[in-house]
Every structure is written in structure tokens, then in C-alpha cells.
Amino acid sequence: MTIKTVLCQVFVLLLAATFPVRGQDSGTRSRQKYWDEGLLEWSDFLTARRAAASHADAEWSDIDVVWTLKSETIRQGNYSYEHLFSVCSMNPYASWVYEDARTAVGLRYEQVIFDLFELHRRYFQTAYENSPAKDNIDELWDIHFKRAKSAAEQFKKASGYGRDTTAIASYEQMLAGYLSYGEPEPTLPQYKRDAVGWGGQLGYVGEFFLRNADSYLPVSAHGLGFGIEIDHSRLSVMADFSLLFAGKQSEAIKYKNLTWETNDRVNAVSLELSAGYSLWENRLLRLTPMAGVGWGIIENYSFSNRYDIENEDIPYQMGGFRLLAGVLFDWKYACRLNLYGYDRSYTEKALRLKCYVAKTNLPTVEKLDNPRPVADSGYSLNVALVWHFAARGLK
């Protein structure tokens, strides 16, 4: 035998191991058969051969019925949550019938047992949907599955293990009426959020300087802001940072014996600590008045081209303490409930509109065209449109 022949045979064996040839029954018993896939057939069962002495046995077949939990994401408006639903199926690998008992009546008998389990599964699902918090699923599962097994045992005895066709027909009529009703609709669970939570925001920030006769700042500044927050009940404590590009210096000024020239590029930086209290909130919107303190900075970015700004003596920044007050308006476009497992939580994503007035204590400077001490008003109208995220655990 040549090496080429040996290699070909090894390749064929590996190919056969990877793609096994299917047996005759594999197509009918490749998976669970679900109740809603249609009536049972004897091909759904394994066939067993019994000894001649066992013809008087009460149990001449056995159907193995199981319930399975599956999940899907339910969306109701801006809310979404994981919804658990049950399905009823029979296991073709654990269900069997004696080959001499595969009769039409026997198949009707097995179908009634299957239908009884389906009926009690629906009772379980209804009880689960009517449960406010939906956190007692294990308890409901045990109760209703035990009831399903008990109902199946009662039917087996009442029908003489499939020998009493009158009892089988009575059960069939009763089950046809009950099973004609549809499944219960999913319901949004009731929930209570933990008192403490956290969040953050990121997005556009604009500052519009309210100018007076001696204003020397640019008209406005625009840029990026981000922040974090800690929530307790309706109270929120927020820390925000923003870096804004203000364009060009509107007038030449002298600050600490250094000239800020006209058309120098200017930035605005702010650090703020504020607190807000949610006055009104529903599933979609929230209104929160807020107030706080901070530090506002005006920075001459062009100085980096003319001086070594690492030298702390170069006054390329000026600023001061600031007070602020305004309102937050949140549009909660996506809220998510995680109801199961160790990470039970409520999270929300929102577009936040933040409007507030700030008063920054800016230093006194001199204008070059009219040398005298002047002070800008320090007032500004601030607007932020940011993406906001918040999370809390569930009680």
C-alpha cells in the first residue's frame, strides 16, 4: 500500500467523522417537539419491544414532557426589559411506546397528557404575568409543574392508562375549550429603584457672555463638556468639566503687565460642582432645578506660540470663582430593566438640555485703546446638550 493510498484513506475517515451519516430516525428525533408544532405522531416516540409476560403492564408507553424558559426583549414605548416565557415540548429521546401498542387511541391518550402539560404551562405563564415584580418565578414554576404532573396522573388513572376511550374523549373536549384561548400579553413589571445611583454625561456645551460696555471677552464659546453625578432619591450631585473654544480676542488688553492682543485665540475652561432636585418626573421626561459653584478660566491659547507657558510667571490664564443656577430637562429615550440575576438594575439613556446662568468673578484689566481699569460683567448664559446615562439597582 502506497503512502498516497494511506493518506487518502485517512482523509476519508476524518471526513466521515466530521460529517457523520445520519440514521433513519435522526430526522424525526433531532430535537424537542414543541406543543405548537402540531399533533403527536408515533414517529416522535422511541419504539420498545416488551416480553410476552408484560402484556398486563399498566404502563405501555411514556411521554417525557418538559417546560423550558426562554427570553426575549420586550419594548413598550421607551422602556425595554427581558421577558421570560415558557414553552412546552416532549423529548423524543426519552419518550417510548411498545411496538404493539401504537394505536390511534393510544396516540390520543398521549396527546391528552401533552395537552394537560401545555394547559398548566399557560396557567404558570398567566400567574407570572400577573406577578407585579416578576421575581418569584422559581416558586411559581415549582407549583404549576407539580400541578401539571398531578393532573396527568389523575388522567392516566381515570382513563385506565389509555384503555377507556370515553374518559379520553371527555378530556379531549374539555382541553379543546381551555386551549382555544390565546397566550397572556407581556406586562411591564412594577419595580422600585434603589435610593442611590450614579451617572454621567457627555456632549456639547456653549457659553454666551452677557456683555456690558466694557466687555473685552469674545461673544461666545463652544466646545465639549463631560461630567459625573451621584444620585440619592431625587437629589443629584454633579461635577462637570468643559473645554470651550471662544475664537479670537475682541479687544487688546493688558493683564498683569502682559498684552493680550486683538485676534489672539482664546479658550474658556470651567470646573463646576452643582446639586439638583427633581421636581417632576414621568416615564419619559424629568425636570430638575439646579445650582452650584465653580471656577471659570479664560485662557489665551496664542501665548503658546509666543512664550514658554510652562513658566508660571506668564499670565496666560485669568479666571475666578463662579456661581451658577439653572434647570435640567431630560428626555429619557431608552430605559432598561434588568430583572434577573445578581445585577438587577434600572438604567436610562437620555438627552439632557442644561440651561443656566453663571457669574464669574473675572479680574480687572486695562484696555490698550483706553488705558483704565475695566471689568467684564462676568455673567454668561450657558447651554449644554449632552447624552446622559444613569443607573440604579432594583430593590
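Note that the coordinates shown come from a computational prediction; the quantities given were computed from them, not determined experimentally.

All right, on to the packing of aromatic side chains then. Tallied over the entire structure, the rule returns 19 aromatic pairs. Seen from their ring centres, Tyr191 and Tyr346 are 5.7 Å apart, and the 15 degrees between their planes marks the pair as stacked. Within this pair, whereas Tyr191 is found in the loop between α4 (165-178) and β7 (193-209), its partner Tyr346 is found in strand β16 (residues 345-360), the two being separated by 155 residues in sequence. Assessed through its relative accessible area of 26%, Tyr191 is described here as partly exposed. A residue is classified by how much of its surface remains accessible, and Tyr346, at 2% relative accessible area, is buried. Here the aromatic residues Trp67, Phe117, Phe124, Tyr128, Trp141 and Phe145 are joined through ring pairs into a cluster of three or more. Lying over the aromatic face of Tyr346, Arg193 brings its terminal NZ or CZ to 4.8 Å of the ring centre. Across from the ring centre of Tyr79, 4.6 Å away, lies the NZ or CZ of Arg283, which sits over that ring.

A full pass over the atoms with the stated rule returns 18 salt bridges. Arg108 serves as the salt-bridge partner of Glu172, at 2.9 Å between the closest nitrogen and oxygen. Of the two residues, Glu172 is situated in helix α4 and Arg108 in helix α2 (residues 104-129); the sequence distance between them amounts to 64 residues. Salt-bridge contacts for Arg322 lead to Glu272; the nearest nitrogen and oxygen are separated by 3.0 Å. With Arg322 in strand β15 (residues 317-338) and Glu272 in strand β12 (residues 265-277), this pair connects stretches of sequence that are 50 residues apart. Glu272 shares its class with Arg322; the two are buried. Overlapping salt bridges bring together Arg193, Glu229, Glu281, Arg286, Asp330, Lys332, Glu348 and Arg352 as one network.

Okay, the sheet that holds strand β10 (residues 253-255) next. Strand pairing in a sheet is mediated by backbone hydrogen bonds. Such pairs are either parallel or antiparallel. Ordered by their spatial adjacency, four strands build an open sheet running β11-β10-β17-β18, and the pairing between neighbours is antiparallel. At either margin of the open sheet sits one strand with a lone partner, and together these are β11 (258-260) and β18 (370-374). Mean inter-strand twist for the sheet, computed between neighbouring axes without regard to direction, equals 30 degrees. Judged from the three bridges that link them, strand β17 (residues 365-367) and β18 form a sheet pairing that is antiparallel. What sits directly across from Lys367, in β18, is Asn370.

Parameters at a glance
- Residues numbered from 1 in each chain as written.
- Predicted model: local features only at pLDDT ≥ 70, side-chain atom pairs only at ≥ 80, totals over all residues.
- Heavy atoms only, no water.
- Phe/Tyr/Trp six-rings, centres within 6.5 Å; stacked < 30°, edge-to-face > 60°.
- Helix = DSSP H or I, 4+ residues; strand = E, 2+ residues; numbered from the N terminus.
- Buried < 20%, exposed > 50% of the residue type's maximum accessible area, 1.4 Å probe, protein only.
- Lys NZ or Arg CZ within 6 Å of the ring centre and 35° of its normal.
- Salt bridge = Lys/Arg side-chain N within 4 Å of Asp/Glu carboxyl O.
- Pairing = 2+ DSSP bridges.
- Axes fitted to C-alpha atoms, helices over the stretch in contact; angles between N-to-C directions.

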